[in-house]
Amino acid sequence: MRERTFVLIKPDGVQRGLVGEIVRRFENRGLQLVALKMVRISKALAEEYYAEHKGKAFFEGLVEYVTSGPTVAMLWEGDNAVAVVRKTMGATDPVKAEPGTIRADFGLSIGRNVIHGSDSLESAKREAALFFRPDEIHAYERSQDAWIHG
Ligand code: UDP
Ligand code: MG
């Protein structure tokens, strides 16, 4: 099923110059970029975005981490985009992530794991609405689509 999923390159990914590398991996996969912008996340937005983790031991550190510098927010579209992005990112803890995934190839610590991707279609919709207005999301035809979606 054609889906749209939300991806955030966290402040460490931006600081370490990984934006191009990460975008390239999703483009290579055949996913279609439909929204992209830099965002300096406020404490209020971070707390809403990560509301499901409120009260957990890592919550305060997580809010501090995602608000510590600019991030890059994106929406990627394609068949099974939610699962494809999660697989391409790898497990939450880079130590457990499979080699070849973004978190394994560029991370060592769960507290600096470079990237976020929605865990379900429902989360994707919620997160997309937190970061993008409808007029910032672009539906367009790609001439290569017939060679990507069978
Ligand atoms: N996190 C952390 N310590 C933990 C678990 C999570 O610092 O023990 C951070 C980490 O940045 C992770 C984010 O909290 O990406 C959200 O956690 P979640 O379990 O939703 O993982 P994700 O969906 O990002 O794989
Ligand atoms: Mg999550």
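This text follows the structure it describes.
Read on for a plain summary of the structure.

Parameters and conventions
Residues numbered from 1 in each chain as written. Chains lettered and ligands numbered in written order. Predicted model: local features only at pLDDT ≥ 70, side-chain atom pairs only at ≥ 80, totals over all residues. Heavy atoms only, no water. Phe/Tyr/Trp six-rings, centres within 6.5 Å; stacked < 30°, edge-to-face > 60°. Buried < 20%, exposed > 50% of the residue type's maximum accessible area, 1.4 Å probe, protein only. Helix = DSSP H or I, 4+ residues; strand = E, 2+ residues; numbered from the N terminus. Core = buried A, V, L, I, M, F, W, Y, C linked by side-chain atoms within 4.5 Å. Contact = heavy atoms within 4.5 Å.

The next point concerns the packing of aromatic side chains. Evaluation of the coordinates by the stated rule reveals 6 aromatic pairs. Both rings, one in Tyr-49 and one in Tyr-50, keep their centres 4.4 Å apart while their planes meet at 40°; by these two values the pair is tilted. Tyr-50 matches Tyr-49 in its accessibility class, with the two residues each being buried. An aromatic cluster is built from Phe-6, Tyr-49, Tyr-50, Phe-131 and Phe-132, whose rings are joined through pairwise contacts.

Moving on: unusual backbone geometry. Of note, Asn-80 is a non-glycine position whose phi angle comes to about 55°, a positive value. As for its placement among the helices and strands, Asn-80 is situated in the loop between β3 (71-79) and α5 (81-89). At Val-114, a residue that is not glycine, the phi angle is positive and equals roughly 75°. Inspection of the secondary structure puts Val-114 in the loop between α6 (102-106) and β4 (115-117). The exposure class of Val-114 is buried, given its relative accessible area of 0%.

Bringing the nonpolar core into the picture now. The tendency in soluble globular proteins is for nonpolar side chains to be buried side by side. Ranked by internal contacts, the top residues of the largest apolar core, which has 20 residues, are Phe-6, Leu-8, Ile-41, Ala-73, Leu-75, Phe-131 and Phe-132. Elements with a contribution of two residues or more to this core: β1 (2-9), β2 (32-39), α3 (43-49), α4 (59-66), β3 and α7 (121-131). Discounting residues that sit within four places of it in the chain, Leu-8 has contacts with Ile-41, Tyr-49, Thr-71, Val-72, Ala-73, Val-114, Ile-115, His-116 and Phe-131. With 19 residues, the next largest nonpolar core counts Val-7, Leu-31, Ala-81 and Val-85 among its residues.

Quick look at the environment of Pro-94 now. Mapped onto the fold, Pro-94 is located in the loop between α5 and α6. Judged by relative accessible area, Pro-94 falls into the buried class, the value being 6%. Along the primary structure Pro-94 and Ile-110 are separated by 16 residues, whereas in three dimensions their C-alpha atoms are 6.1 Å apart. Once you skip the residues sitting within four places of it in the chain, Pro-94 turns out to touch Arg-103, Ala-104, Gly-107, Leu-108, Ser-109, Ile-110 and Asn-113.

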